[in-house]
Every structure is written in C-alpha cells, then in structure tokens.
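# Descriptive analysis of the structure
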Amino acid sequence: MVSRAWCRALRAGLCPAAPRRLQGWGSAAFSSRSPTKAVGLLDADVYGPSIPKMMNLKGNPELSPKNLMRPLKNYGITCMSMGFLVEETAPVVWRGLMVMSAIEKLLRQVDWGQLDYLVIDMPPGTGDVQLSVSQNIPVTGAVIVSTPQDIALLDARKGVEMFRKVHVPVLGLVQNMSVFQCPKCKHETHIFGADGVRDLAKTLGLDVLGDVPLNVNIRETCDAGQPIVISQPQSDMAKAYLRIATEIVKRLPTPPA
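Below: a short report on this structure.

The rules we used
- Residues numbered from 1 in each chain as written.
- Predicted model: local features only at pLDDT ≥ 70, side-chain atom pairs only at ≥ 80, totals over all residues.
- Heavy atoms only, no water.
- Helix = DSSP H or I, 4+ residues; strand = E, 2+ residues; numbered from the N terminus.
- Buried < 20%, exposed > 50% of the residue type's maximum accessible area, 1.4 Å probe, protein only.
- Contact = heavy atoms within 4.5 Å.
- Areas by Shrake-Rupley, 256 points an atom, 1.4 Å probe, with all protein chains shown as cover.
- Arc of directions from axis to C-beta.

This brings us to the overall build of the chain. Within the chain, the regular secondary structure consists of nine helices and nine strands. Out of the 257 residues in the chain, the part that is buried amounts to 49%. Put simply, of all contacts in the chain between residues at least 6 apart along the chain, 76% involve residues at least 24 apart. Only carbon and sulfur atoms are counted for the fraction: they give 53% of the accessible area of the chain, which is about 12,400 Å².

Attention now moves to helix α4 (residues 128-136). For α4, the full list of buried residues reads Val129, Gln130, Ser132, Val133 and Asn136. Across the axial projection of α4, the buried residues extend over an arc of 165 degrees, all falling on one side.

On the secondary structure map, Met80 appears in strand β4 (residues 77-81). Distance in space between the C-alpha atoms of Met80 and Pro61 is 8.4 Å, their sequence separation being 19 residues. Setting aside residues up to four positions removed in sequence, Met80 forms contacts with Leu41, Leu42, Asp43, Pro61, Met69, Pro71, Leu85, Leu106, Val110 and Trp112.

Note that Ser178 resides in strand β7 (residues 170-181). Every residue in contact with Ser178, bar those within four places of it in the chain, is listed here: His190, Gly193, Asp211, Val212, Pro213 and Leu214.

Structure, rendered in structure tokens:
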C-alpha cells in the first residue's frame, strides 16, 4: 500500500502529443539523480502500457505471502504495469469502472516496499485514471509534459486546470521535442515551435523545468529498453533528463521523519 509515511508520490501528467519516451526515462533520471533513494514507477496507462518495453522488463509479478503482487525491477527501479498482466499484443477493452478498479489494485495490492519516490506514468487526457489516482493516494505534485505546438498546448493547459481542480500542485512544465539538431550540419530546427511551453507556463504562473530535444538516440534507446541516462550518461540528452529531475526534486517538500 502507498503510505504518507514512506512514499512521496509524483504524478507525471502527460499530454497526448508527448511521446512515451519521456516517462520511463524520467524515473531513470530520478534514480540516477538520487542513487541512494528508492524509486518506484507505476505505469497507469491501462490501455497502452509502455513501461515494460521501455524498462526492458518481461514476466508476471509473483505473489507475496500477504497475497500482494511483487513488482518487477530493472536499473534499480521498482516497476508495476498492466503490461505485466496481459499479453503484449492483447488490447484492454474496458469501461471506466473497470479501469478505476485496476488502478486501485495496482496501487494498493502491490508490495511496493519502502519508497522515497513513486512516479506515476499517466495516460493522455483528464479521465478515469487521473481521477482514480487523485482519490486513492496523496499526490505531492504533477509535471505536465508537452511539445511546443499549439495543438498540444491546448491539452497541456487542460491538464494543469484538472490538477488544480483536484487540488494537486503542479510543479511545472517540461518542453518535449524542443529542438532538432541535424547530425550532419548541426543546424537546429524548432520543428514543433520554439517557446510554446514557456509562453504557456508564463500565462499560468508556472515554471519550466527543462527541455528535451528531438533526438534519434533517445528514440533508439527507448525502443531498446536502455534508458539514455544509463546507457549514455554523459550525453547531452541524458543531462537534459537529469536537469529536469533535479528541478523536480527541488520542488518536492521534505517528507516527514
């Protein structure tokens, strides 16, 4: 079960235009940023779980003597996902109440152990999953991730307003796919716009926690299940994730003793 005494829950509220690559990598960045901290990652995207592939994990959770599911672990991060419970190609065709029940079980019927951070990978939108998480555990803060294009920013703003409505602090915004640098000539192109997330953050009175570039290495390491902060820790891309993790940690309250 998730308890106030030993776990600070961090929700990552992701917009539809934000690629999955940011989610598992964010947890790996947390773990790399604070190697002495215990980090858990809950894949709350019931319909499209991606954490098993991104974290290079396969298999079914075992049960503890207390009949709790034991999460799988890789790269020092404890992970739980609907992807561990269904076949990789099997669609999850559920109505809202079933999804909410599944989220509650993933939160409360898992032997998480003693965590310092629980990062919750949220699906796109502002629906049943977000509401279920808000009602089941105390959430320390939300991070909104968006590309700088106008269409994505519409959803990002809705995400901010939703979290505020359920009294979850928004720690800040992350600008994803902020710039593409040609690997040959090094020319930089802002494919999705330059400062859309910064403009939105200013409008909403929020901080920009950092930028993640559009880079083929991030995509390749994502598909291979090898977080770039671990497989290429000295790269500019890895440093971008680590800077974001640092900014998030700065904004988290000190847990009770």
